[in-house]
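Analysis of the macromolecular model
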Amino acid sequence: MPYSVVTGDVFLGHDDPGHPESQARLEAALAGVPAGARRVPPEQATPRDLARVHTHRHIAVVRSLCRECPPDRACYIDPDTYVTRGSFDAALYAAGAATQAVARALDSEHSFALVRPPGHHATPDRAMGFCLFNNVAVAVVRALREVDRVAILDWDLHHGNGTQAVFYGSDRVLYCSIHQAGLFPGTGWLEEQGAGPGVGYTVNAPLEPGSAGADYALVFRKIFVPAIRRFEPDLVVVSAGQDALADDPLGSMLLEPDDFGVLTGMLVEAGCGALALVLEGGYGRSHAGAIRAIIAALDGARFTPRGSEPKASTRMLVEAYIGAGRAVPA
């Protein structure tokens, strides 16, 4: 199956050098993209696209903050999240690139949108956690105009509270998140399962600090892949944040770059068609290696899990999930 990478220099306008989420970290990640990869230039989403997920007030506030921010300055929305004069345009490109990746996956081509700012913390009415608008949610809501069911797999170090909030009451979106327990934003516990028609369609796997590739592979094999297969989605979208790497400064997980190749291969082998991936976090020196492994897996390579056995706490989490008889409704 062919693959493409959606990226470009259009994200330069959103940059605060020295901040963990800066243009430098995207450039470092891009070093992992093979020279022969097919690159697709990003296209902007429209404010109307954003409004399918976000409130009009939120969109207007972010746009206004960007316009009012002095040139060559970063203006902070909260202690973590900033805008610049060019951030609104960059964010439109990020959401648009995610939408392009989804469209290409629906045309049977794996596609990885390497974008910034990231999106999975952005709720319908709030920017937070480095995120202005929810790129994956914007792309998925648009896709749901054409398909019936979408599965979102979020392997970022942090729980994607924004994405969960958008789809918490829906039975058309399966949201699976594996993340470091208790870390920002403090959500993503096992008992968070959805609401109303969406009960059972949110699946969280909070893992203890120090978890490694074996822990992630166990959760994928025993929980996520069976849930996705039972759900039978028309599309699988990955919120691909590689900040669970052992050298990432923001977390305490122990994944190695090839572990992301393992996880990608497991999703490809799940047999749900082409994958659409959208960059979330990832700030360590080995990030490029993880990007390289992910793309290699999309291109047909398969990685063998290695390292230690899963932690006892991970095995207990899996047993608790299975023992409770939890399963995504058919």
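Residues numbered from 1 in each chain as written. Predicted model: local features only at pLDDT ≥ 70, side-chain atom pairs only at ≥ 80, totals over all residues. Heavy atoms only, no water.

What to know about the packing of aromatic side chains
Considering all chains together, one arrives at six aromatic pairs under this definition. Aromatic pair Phe88 and Phe133: ring centres 5.9 Å apart, planes at 85°, arrangement edge-to-face. Of this pair, Phe88 sits in helix H4 (residues 87–106) while Phe133 sits in the loop between strand S5 (110–113) and helix H5 (135–143), and the two are 45 residues apart along the sequence. With respect to class, Phe88 is no different from Phe133; both count as buried. Where Phe220 meets Phe224, the ring centres are 5.4 Å apart and the plane angle is 55°; that geometry is what we call tilted. With Phe220 and Phe224 both in helix H7 (residues 213–231), this residue pair falls four residues apart, about one helical turn. Each member of the pair, Phe220 as well as Phe224, is classed as buried. (Phe/Tyr/Trp six-rings, centres within 6.5 Å; stacked < 30°, edge-to-face > 60°. Helix = DSSP H or I, 4+ residues; strand = E, 2+ residues; numbered from the N terminus. Buried < 20%, exposed > 50% of the residue type's maximum accessible area, 1.4 Å probe, protein only.)

With respect to the nonpolar core
Trp155 and Phe224 are the most contacted members of the largest nonpolar core, which totals 100 residues. If near-sequence neighbours (up to four positions away) are discounted, Phe224 is found in contact with Leu153, Cys176, Ser177, Ile178, Val203, Ala205 and Val219. (Core = buried A, V, L, I, M, F, W, Y, C linked by side-chain atoms within 4.5 Å. Contact = heavy atoms within 4.5 Å.)

Observations concerning the sheet that holds strand S8 (residues 202–207)
Here we have eight strands laid out as an open sheet, ordered S2-S1-S5-S10-S9-S6-S7-S8, and parallel in their pairing. At either end of the open sheet lies a strand with only one pairing partner, and these are strand S2 (39–40) and S8. Note that S5 and strand S10 (residues 275–279) share three bridges and pair parallel. By the bridge assignment, Ser111 is partnered in S10 with Ala276. Docked against the sheet, helix H8 (residues 257–269) engages S5, strand S6 (150–154), strand S9 (235–240) and S10, running at close to 150° with respect to S10. (Pairing = 2+ DSSP bridges. Axes fitted to C-alpha atoms, helices over the stretch in contact; angles between N-to-C directions.)

Some remarks on a nonpolar patch on the surface
Where nonpolar side chains cluster on the molecular surface, the patch consists of Val61, Leu65 and Ile77 and spans about 190 Å² of accessible area. Here Val61 shows up in helix H3 (residues 56–68). Relative accessible area serves as the criterion here: at 34%, Val61 is assigned to the partly exposed category. (Patch = residues over 30% accessible without salt bridge, like charges linked within 9 Å, V, L, I, M, F, W, Y side chains within 5 Å. Areas by Shrake-Rupley, 256 points an atom, 1.4 Å probe, with all protein chains shown as cover. Salt bridge = Lys/Arg side-chain N within 4 Å of Asp/Glu carboxyl O.)

Thoughts on the layout of surface pockets
Approximately 190 Å³ is the volume attributed to the largest pocket. Together, 16 residues line the largest pocket, and Gly129, Phe130, His158, Phe184 and Leu250 are the ones closest to its centre. Taken together, the residues of the lining of the largest pocket sort by class into seven nonpolar, five polar and four charged. (1 Å grid on protein atoms, 1.4 Å probe; cavity = no way out; pocket = protein on both sides within 12 Å on 5 of 7 lines; lining within 4 Å. Points joined across faces, edges and corners; volume = space filled by probe spheres on them. Nonpolar A, V, L, I, M, F, W, Y, C, P; charged D, E, K, R; others polar.)

With respect to the state of the cysteines
This structure, assessed with the given rule, holds one disulfide. Here Cys69 pairs with Cys75 through a disulfide, and the sulfurs are 2.2 Å apart. Judged by the sign of its S-S torsion, about 95°, the cystine formed by Cys69 and Cys75 is right-handed. A residue is classified by how much of its surface remains accessible, and Cys69, at 0% relative accessible area, is buried. There is no disulfide at Cys131, and the cysteine sulfur nearest it, in Cys66, is 14 Å away. (Disulfide = S-S within 2.5 Å.)

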